[in-house]
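Here is what each chain is made of, one letter per residue.
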Amino acid sequence: MSGSNRTIEVCLTPALIHLHDLSNATVVVIDVLRATSSMCVAFTQGVNCIIPVATIDESIAYKEKGFLIGAERNGEMLEGFDIGNSPFSYMDEKVKGRDIALTTTNGTQAIAASKGAKQIVVGSFLNLDALCSWLSKQEGNIVLLCSGWKNSVNMEDSLFAGAVVHQMRGDFEFTNLRDTAIIAERLYLLAKDDLNGFLEESSHRNRLKKLNIDKDIEYCLTPNQAPVVPGIINGVMVDLLKQ
Ligand code: 3SL
């Protein structure tokens, strides 16, 4: 399957993933604030691999295997873990060459919900161009899965899905689930000149603001800082551009 036979769909929340046929699709998991942004940064900093896990106990179990372990719940790094979910926590020599097991509130859950897809990769504004260029060279359909917040729709992931639709729509067809792709693209076009300002009233931006991490938000909304394509091979996330 190539060219205009390929389709692109947007799933605005993992709760609706059952509506999409993943068997011939690359799923792009999106958690702009902040899980998939941090994963992109991790690979620019020389992390060897990330194992995304759904639960805190699973992450802890990797400690014995020599992994750095990461855990975030409700925006905060959990006590006893080596790493949280800030992109800046990965800009540290300690991660170079290391294997990391990571669980987050929504991002790693959305990865788990994509099981059954032909291929799973992650996207964020930080790897927008690298991701779109990689996607254009693949075969099969694309499902852009927004992680949202605990199965609710959020603005920032919808905006990024819209950015990808906007870049790629010439090469793809919409299916009969087209409206979510159009909603996401139109939202992105409204927001693109001031993403941060557009998100001013959004739920997660306000949750994170209480944690005083404005600089995380600003960075995560800056396109193309991380030219990587993290993707899952046999349950392990690596930079597919290096394979
Ligand atoms: O939900 C997630 O996976 C996280 O990205 C949430 S937070 O940005 O770390 O609060």
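The coordinates are above.
Residues numbered from 1 in each chain as written. Predicted model: local features only at pLDDT ≥ 70, side-chain atom pairs only at ≥ 80, totals over all residues. Heavy atoms only, no water.

Q: Looking at this model, I keep getting lost on the site of the ligand. Mind explaining?
A: Neighbouring residues of the ligand: 13 residues in total, closest R34, N85, T104, N106 and G107. L33 is positioned such that a nitrogen or oxygen atom in its backbone is 3.0 Å from an oxygen atom of the ligand. Broken down by class, the residue content of the shell around the ligand amounts to three nonpolar, seven polar and three charged. (Near = heavy atom within 4 Å. Polar contact = N/O pair within 3.5 Å; in protein donor to acceptor, adjacent residues only side chain to side chain. Nonpolar A, V, L, I, M, F, W, Y, C, P; charged D, E, K, R; others polar.)

Q: Is there a simple way to explain helix α4 (residues 128-136) in this structure?
A: In an α-helix, one turn spans 3.6 residues; hence positions three or four apart end up facing the same way. Buried residues of α4: L128, A130, L131, C132, W134 and L135, and no others. Packing partners of the buried residues in α4 comprise β2 (25-30), β7 (119-123), β8 (141-146) and α5 (155-168). (Buried < 20%, exposed > 50% of the residue type's maximum accessible area, 1.4 Å probe, protein only. Helix = DSSP H or I, 4+ residues; strand = E, 2+ residues; numbered from the N terminus. Contact = heavy atoms within 4.5 Å.)

Q: I'm lost on the side chain of D157 in this one. Help?
A: For D157, the location among the structural elements is in helix α5. For the buried D157, which has no salt bridge, the nearest side chain bearing the opposite charge is R207, at an N-O separation of 9.3 Å. Here G148 takes part through its backbone nitrogen, which lies 3.0 Å from a polar atom of the side chain of D157. Setting aside anything within four residues of it in sequence, one finds D157 in contact with I30, D31, V32, L33, C146, S147 and G148. (Lys, Arg positive; Asp, Glu negative; His and termini not counted. Salt bridge = Lys/Arg side-chain N within 4 Å of Asp/Glu carboxyl O.)

Q: It is not clear to me how the packing of α5 against helix α6 (residues 178-191) should be interpreted in this structure. Could you clarify?
A: Two measures define how a pair of helices packs: the angle their axes make with one another and the distance between the axes. As a packed pair, α5 and α6 sit with axes 7 Å apart at the nearest point and diverge in direction by 95°. In this view, α5 runs roughly perpendicular relative to α6, as classed from their interaxial angle. Packed against α5, whose contacting residues are M155, S158, L159, A161, G162, A163, V165 and H166, the element α6 presents A181, A184, E185, L187, Y188, L189 and A191 at the interface. (Axes fitted to C-alpha atoms, helices over the stretch in contact; angles between N-to-C directions. Parallel < 35°, antiparallel > 145°, perpendicular 65-115°, else oblique.)

Q: Looking at this structure, I do not really get the packing of α4 against α5. What am I missing?
A: The contact between α4 and α5 brings their axes to 10 Å, and the two run at 50°. Between α4 and α5, the angle falls in the class oblique. For the pair α4 and α5, the crossing hand works out as right-handed. Only F160, A163, V164, Q167 and M168 of α5 make contact with α4, whose side of the interface consists of L128, D129, L131, C132, L135 and S136. When its residues are assigned to classes, the contact of α4 with α5 shows eight nonpolar, two polar and one charged. (Left-handed = near helix turned anticlockwise from the far one by under 90°.)

Q: Teacher, can you tell me more about helix α1 (residues 35-44) here?
A: Where burial is concerned, most of α1 is hidden: nine out of the ten residues are buried. Along α1, the residues that are buried comprise A35, T36, S37, S38, M39, C40, V41, A42 and F43. Positive backbone phi, approximately 85°, marks G46, located one or two places after α1.

Q: Please explain the pattern of salt bridges as it appears in this structure.
A: Working definition: two side chains of opposite charge can pair if their charged atoms are close together. Taken as a whole, this structure holds six salt bridges when the rule is applied. Residue K63 is joined to D82 by a salt bridge in which the shortest nitrogen-to-oxygen separation is 3.0 Å. Here D82 lies in the loop between β5 (76-77) and β6 (99-103) and K63 lies in the loop between α2 (56-61) and β4 (68-73), a separation of 19 residues in the sequence. For K63, a relative accessible area of 40% puts it in the partly exposed group.

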